[in-house]
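One letter stands for each residue in the lines below.
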Amino acid sequence: MRLPLAVLVSFSVVFGSCSPAPGPEQNRLTFFEHLGHTGFKFSWRNLTCPTCKALFVILDIALLTDTNEEHVARTAGEVCIRLHLAEERVCRSITELFRDDFIRALQRSLLLPREACALLVGPSCGKYDIYAPWNVTLPGIPKPPVTPPSLPKPGSPQSRILFLTDVHWDQEYTAGTTADCKEPLCCRKDSGFPSWRRREAGYWGTYGKCDLPLRTVENLLENVAAAGAWDWVYWTGDIPAHNIWSQTRTQQLSELTVISRLIHKHLGPKVKVYPAVGNHESTPVNSFPPPFIHGNRSSSWLYNTMAEEWSPWLSEQAVKTLRYGGFYTMEIQPGLRVVSLNMNFCAAENFWLLVNSTDPADQLQWLVHVLQESELKGEKVHIIGHIPPGLCLSSWSWNYYHIVNRYESTVTGQFFGHTHMDEFEMFFDEADKTRPFGVAFIAPSITTYVDLNPGYRVYYVDGNYKGSSRLVLDHETYILNLTEANHSPGSGKPVQDPKWELLYRAREAYALPSLFPADLDTLIQTFVKDDRFFQKFWYFKHKGHVSEPCKDACKTTEICLLRSGLQEDLGKCTGHHGFVKKLIRSTRKIVC
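These numbers were taken from a predicted model, which means no experiment stands behind them.

Undergrad: Honestly, the confidence of the model for the protein in this entry has me stumped. Any pointers?
TA: Low pLDDT means the predicted coordinates in that region are not meant to be read closely. Across the protein, pLDDT averages 85, with 81% of residues at or above 70. In the model, residues 1-45 has pLDDT below 50 throughout and makes 110 contacts with residues more than four positions away in sequence or in other chains.

Okay, here's the thing in structure tokens:
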């Protein structure tokens, strides 16, 4: 027996997929607090355990017929409307879009009535362990002695890496439409036109709940092509816009094809691009079944097109694992390897993990094998992915942390996106909690969503020579200042060919000798002591467009979140500071 009622609870996932994954108790309380505020009088705590379990047995039986599936889906739509999670049109569309895949995932899940009632009624009614702890197996080979990193000699080669993430191209973006509409995404053909005191969509993009027109994406690619040469490119996904209630597979594949070919066109055939899969590439959003799901419900429709479009950049073996599970590894240069992870297998929002969340696709066990081989060969490894590890399910996050700690001398770079912000997560040695050994860099988005300038990142990495550490030495962030781009001085009209400007260089801005883990750990300590440095970070985090400073509880929570790439640690940050709900709403909003 399984959990049909989660169809209703799913909307709290769909409309909140950018914040750190809450625990089961948080999920239960948050959802039913909403019910109380909207006039629902029913309380699961009024049920006895036997009644609750009997109810879920009946509901499971009800889902055995297509007719009853229709009733469940219709109820989910009504709940979405009554809770004001979105406009009625959005609620009904998203219910229809999610219905089949979500119900199929629930029907294949292993959640028993006693577990469902433990979630809804409380731990006295049973044990809720759908995301129970699990461990990957590490080889018995001892960890090599760790040598602290040192700066390369002056004049040593450096690799210049372009990093692109979170494009979110909106085909329906229309300049002049309403930028502050009621729906989750504005600045679109169906957003209407602004009346008095309402803002309108700008030509190149807009501050607010808006994604980007294609001309802005092309302008970015023209500018980075002119700013070359690039040694290679990391591109960590999220191509489609945030209109998740009205997307189709045909649309998703078309957008994937258009953006992939534009990157190839502007950067040229000689520049290798290493992509990663974002959570928005699929439809429904966040829907990434494990490889044992076959047929029309599988992700083969998406992975096969990715393999075709990305094959000019990838090896035959990389294409093979990409088709299998959306991940791969490749040698970039002798002595340096990239691993592209499918981070959707770690995401609480991926409802297919209800079926089985234990190392989906055996991806982490595969990662261990790759890193062990690289260690034996003396290779350094860069890991790229979309969702940062600190925002993953707890067990996945812990296992990932454990793996990179074991292979800290091999993993010399971690690069992610997803939050749309400019930030990072620290990694500390599991034995010596005070020794920083790694950093997950989180780059800002190309899109403006929400209330941001468009941006991209450039990394400078210890270069291609014998004995290179392949560590990140510095990085730069570039933005398109929308205030200037949309309003040319004098005429007030959009600039015809806007230039993307340097916002900051990390070492220069923060007066750092390097971006090694120890130096970034020191920087966090400086944030605590010197508020000027922290407010500078806050300004850079929002790509030069921030409405107010971050003080008191906001600052405390932000610094706490920077200190760890482990989901359990981030949960402690959010648990100790009541400000975090406001912080998450204001910075990560809905469905990143």
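Undergrad: Explain the state of the cysteines to me, please; I cannot follow it from the model alone.
TA: Any covalent bond linking the sulfur atoms of two cysteines counts as a disulfide. Evaluated as defined, the whole model comprises five disulfides. Two residues share a disulfide in this structure: Cys187 and Cys210, whose sulfurs sit 2.0 Å from each other. On the sign convention where negative is left-handed, the bridge of Cys187 and Cys210, at about 60 degrees about the S-S bond, is right-handed. Taken together, the residues span a long stretch of sequence, with Cys187 in the loop between strand 1 (158-164) and helix 7 (214-226) and Cys210 in the loop between strand 1 and helix 7 at a distance of 23 residues. The residues Cys187 and Cys210 share a single accessibility class, namely buried. The disulfide bridge from Cys560 ends at Cys573, spanning 1.9 Å between sulfur atoms. Between Cys560 and Cys573 the disulfide shows an S-S torsion of about -85 degrees. By sign, it is left-handed. Remark: Cys573 occurs in helix 18 (residues 567-576) and Cys560 occurs in helix 17 (residues 552-562); sequence separation between them is 13 residues.

Undergrad: Would you take a moment to explain the packing of aromatic side chains for this structure?
TA: Summed over all chains, the structure comprises 31 aromatic pairs. Summarising the aromatic geometry, the rings of Phe441 and Tyr459 are spaced 5.7 Å apart at their centres and angled 65 degrees between planes, so their arrangement reads as edge-to-face. Here Phe441, found in strand 9 (residues 436-442), pairs with Tyr459, found in strand 10 (residues 455-462); they are 18 residues apart in sequence, far enough to count as distant. Considered together, Phe441 and Tyr459 belong to a single accessibility category, that of buried residues.

The rules we used
- Residues numbered from 1 in each chain as written.
- Predicted model: local features only at pLDDT ≥ 70, side-chain atom pairs only at ≥ 80, totals over all residues.
- Heavy atoms only, no water.
- pLDDT = per-residue confidence, 0-100.
- Contact = heavy atoms within 4.5 Å.
- Disulfide = S-S within 2.5 Å.
- Helix = DSSP H or I, 4+ residues; strand = E, 2+ residues; numbered from the N terminus.
- Buried < 20%, exposed > 50% of the residue type's maximum accessible area, 1.4 Å probe, protein only.
- Phe/Tyr/Trp six-rings, centres within 6.5 Å; stacked < 30°, edge-to-face > 60°.

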